[in-house]
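Coordinate inspection notes
If you want the building blocks of each chain, they are given just below.
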Amino acid sequence: MAATAESVETPFARIGGHATLRAITERFYDLMESDPTYAALRAMHAPDLAPMRASLPSFLAGWCGGPRDWWNDNPGKCMMSMHKPFPIDATTAGQWAQAMRRAIAEVAPADAEVAQAMGDVLERMALGMARA
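These lines cover the structure that appears in this document, whether it is placed above or below. (Residues numbered from 1 in each chain as written. Predicted model: local features only at pLDDT ≥ 70, side-chain atom pairs only at ≥ 80, totals over all residues. Heavy atoms only, no water.)

To continue, consider helix α2 (residues 17-34). One turn of the α-helix equals 3.6 residues, which is why residues spaced by three or four share an orientation. A rise of 1.5 Å per residue sets the reference length of α2, with its 18 residues, at 26 Å; its end C-alpha atoms lie 26 Å apart and thus fit the reference within 8%. All of the buried residues in α2 are Gly17, Thr20, Leu21, Ile24, Thr25, Phe28, Tyr29, Leu31 and Met32. Summarising the axial view, the buried residues of α2 lie within an arc of 160°, below the 170-degree limit, and thus occupy one face. Turned more than 90 degrees from where α2 packs its buried face, Ala19 and Ser34 sit exposed. (Helix = DSSP H or I, 4+ residues; strand = E, 2+ residues; numbered from the N terminus. Expected span 1.5 Å × (residues − 1). Buried < 20%, exposed > 50% of the residue type's maximum accessible area, 1.4 Å probe, protein only. Arc of directions from axis to C-beta.)

Put into structure tokens, the structure is as follows:
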């Protein structure tokens, strides 16, 4: 029997929905704030990470097939254009990717295949933002 659009679970559902994406985001920013490995990355961010902690799970939800609230709240914006003003180099892009991979691994979503794919794509996106 062929799968219908209604029977195919999105990556958002497979990863664990909002709860898992919030947990990944919280762990990601906790690592950025507490681990000196990510000092250069942390230095690029505002002192208060609360707005980003609130925004990233919504972005990730829409990005992986869930509710598109982030896009509805930020019409015409994308991650690449929003990060263009920042001096992202290979070091800080690599730190971002490593911290995100650690956060995903430590949260350990039940669907390891989707978690691995999410980490792979986010790493490529982060490294693609490096300009120096």
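Here the narrative resumes.
Our next topic: the nonpolar core. Ranked by internal contacts, the top residues of the largest apolar core, which has 32 residues, are Leu21, Phe28, Leu56, Leu60, Trp96, Met100 and Met118. If you list the elements that add at least two residues to this core, you get α1 (11-15), α2, α4 (50-63), α7 (90-107) and α8 (112-128). The element contributing the most residues to this core is α7, with seven residues. Ignoring anything within four residues of it in the chain, the contact list for Met118 reads Ile15, Leu21, Ile24, Leu60, Trp63 and Ile104. (Core = buried A, V, L, I, M, F, W, Y, C linked by side-chain atoms within 4.5 Å. Contact = heavy atoms within 4.5 Å.)

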